[in-house]
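Close look at the chain arrangement
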Amino acid sequence: MPPSAHHIRATVEAYPTRYPSERDALAPLFDVLAGEEDPTSRKTFPTHVTCSAIVIDSSSRVLHIQHNATGKALAPGGHNEPGDQNLPGAALRELFEETGIPHNAVVPLPGFETVPLDIDVHGIAANAAKGEPAHQHVDFRWVFLLRSQHAVTLQAEEVSDYEWRSFEDSASPTVRAKLALLPRLTHS
């Protein structure tokens, strides 16, 4: 069963306690949560939820994948699936599917077990081939520490390459700014 609207609402309401200036940007998601449609369904328009995994290695570098559809360097992630129990679980499933890194190879960054590091609202162009109108993704970006080095095995249909980038070179400006605020990370 996909994450419930209640679970998503609780997560979204906890997020502005950490980042109060971002509450207004989440208005499209609050609108969807007030409706009857499943906010995690890729068929819910004009806005639906996606999840990404911000994975940090022992050298304080962030995993980025080269996404085939967009040509962009992104954190592993994507749409929720019916079997996802919660939002961090969706991010971990996507991490495994796109990179081969299993859920037991990472742990949540302490303090971010139930609240994402970042929530990004971004527009997606219409895709006539998929019958999708222009819409918005509200991407919950969960942060995890890589417990030990693990081989990356790419899903060739969606991902063409990967790289580990320093916090300062993270592709997302909002993630980059939030990583800069973290205390020096140590792995156990």
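Placed above this text is the structure.
Our subject in this report is the structure included herewith. What you see is a predicted model; the values in this text were computed from it and never measured.

What counts as what
Here the residue numbers are simple positions, counted from 1 along each chain's written sequence. At least 70 in pLDDT is required for a residue's local features to be given in this predicted model, at least 80 for side-chain atom pairs to be given and counted, and no such filter applies to totals for whole chains, interfaces and linings, which use all residues. With hydrogens and water excluded, all non-hydrogen atoms of the structure serve as input to the side-chain values. Note on conventions: DSSP H or I runs of at least 4 residues are helices, E runs of at least 2 residues are strands, and numbering of each starts at the N terminus. The reference for a compact globule is 2.2 Å times residues^0.38; the radius of gyration itself is calculated from the C-alpha atoms. Contacts described as polar in this section are N or O atom pairs within 3.5 Å, which, within protein, must combine one atom able to donate a hydrogen with one able to accept it, while residues neighboring in sequence count only if both atoms come from side chains. Only heavy atoms enter the contact rule, under which two residues are in contact if any of them lie within 4.5 Å. By this rule the span expected of a helix is its residue count minus one, scaled by 1.5 Å. Note on exposure labels: buried denotes an accessible area under 20% of the residue type's maximum, exposed denotes more than 50%, and partly exposed covers the range between, all computed with a 1.4 Å probe on protein chains only. Pairing of aromatic rings covers Phe, Tyr and Trp, the last through its six-membered ring, and needs centres within 6.5 Å; plane angles under 30 degrees mean stacked, over 60 mean edge-to-face, and all others mean tilted. Counted as over-ring charges are cases with an Arg CZ or a Lys NZ within 6 Å of the ring centre that also lie within 35 degrees of the ring normal. One side-chain nitrogen of Lys or Arg within 4 Å of one carboxyl oxygen of Asp or Glu is enough to make a salt bridge. When DSSP locates at least two bridges between a pair of strands, those strands are taken to pair.

**Quick look at the overall build of the protein**
- When helices and strands are tallied, the protein shows four helices and eight strands.
- Mapped from its N terminus to its C terminus, the protein presents α and β elements in the order α-α-β-β-β-β-α-β-β-β-β-α.
- Radius of gyration (C-alpha) of the protein: 16 Å, near the 16 Å computed for a compact globule of 188 residues.
- Taken along the three principal axes of its C-alpha coordinates, the protein extends 45 × 40 × 30 Å.

**Quick notes on the side chain of Asp 118**
- Residue position: Asp 118 is located in strand 6 (residues 118-124).
- There is a polar contact of 3.5 Å between the side chain of Asp 118 and the side chain of Tyr 15.
- Every residue in contact with Asp 118, bar those within four places of it in the chain, is listed here: Tyr 15, Glu 22, Asp 139, Phe 140, Arg 141, Ser 172, Thr 174, Val 175 and Lys 178.

**Things to note about helix 1 (residues 5-18)**
- End to end, helix 1 covers 21 Å across 14 residues, agreeing with the expected 20 Å (1.5 Å per residue, within 8%).
- Of the surrounding secondary structure, the elements contacted by the buried residues of helix 1 are helix 2 (27-33), strand 1 (47-56), helix 3 (87-99), strand 6, strand 7 (135-146) and helix 4 (173-180).

**With respect to the environment of Glu 158**
- The residue Glu 158 is located in the loop between strand 7 and strand 8 (159-166) in this model.
- Look at Glu 158 and you get partly exposed, because its relative accessible area is 32%.
- Glu 158 sits 131 residues away from Ala 27 along the chain, and the two C-alpha atoms are 30 Å apart.
- Those residues in contact with Glu 158 that sit more than four places away from it in its chain are Gln 66, His 67, Asn 68 and Glu 98.

**Considering the packing of aromatic side chains**
- Across all of its chains, the model carries one aromatic pair by this definition.
- Directly above the ring of Phe 112 sits Arg 18, whose terminal nitrogen or CZ lies 4.2 Å from the centroid.
- One Lys or Arg, Lys 178, reaches over the ring of Tyr 19 and ends 4.2 Å from the middle of that ring.

**Points about the pattern of salt bridges**
- Tallied over the full model, the rule gives 12 salt bridges.
- A salt bridge links Asp 57 to Arg 61; its shortest N-O distance comes to 2.6 Å.
- Its relative accessible area of 30% is what places Arg 61 among the partly exposed residues.
- Between Arg 93 and Glu 97 there is a salt bridge, with its nearest N and O atoms 3.1 Å apart. Linking Arg 93 with Glu 97, this pair stays in helix 3, spanning four residues, or about one helical turn.
- Residue Arg 93 is classed as buried on the basis of its relative accessible area of 17%.

**Quick word on helix 3**
- Taking 1.5 Å of rise per residue, 13 residues should cover 18 Å, and helix 3 covers 18 Å from first to last C-alpha, within 8% of that figure.
- Counting buried positions along helix 3 gives 10 out of 13 residues, so the element sits mostly inside the fold.
- Those residues of helix 3 lying buried are Leu 87, Pro 88, Ala 90, Ala 91, Leu 92, Arg 93, Glu 94, Leu 95, Glu 98 and Thr 99.
- Backbone nitrogen of Gly 89 and a side-chain oxygen of the N-cap are separated by 2.7 Å at the start of helix 3; the cap is Asn 86.

**Focus: the pairing of strand 1**
- Of all the 10 residues making up strand 1, 10 are buried; the element is thus mostly covered by neighbouring parts of the structure.
- On strand 1, burial covers both faces: Thr 47, Val 49, Cys 51, Ala 53 and Val 55 on one face and His 48, Thr 50, Ser 52, Ile 54 and Ile 56 on the other are all buried.
- Direction of pairing for strand 1 relative to strand 7: parallel, over a ladder of 10 bridges. Each residue of the ladder has a partner; that of Val 49, found in strand 7, is Val 138.
- Pairing of strand 1 with strand 4 (residues 77-79), which is carried by three bridges, proceeds in the antiparallel orientation. Note that in strand 4 the partner of Ser 52 across the bridge is Gly 77.

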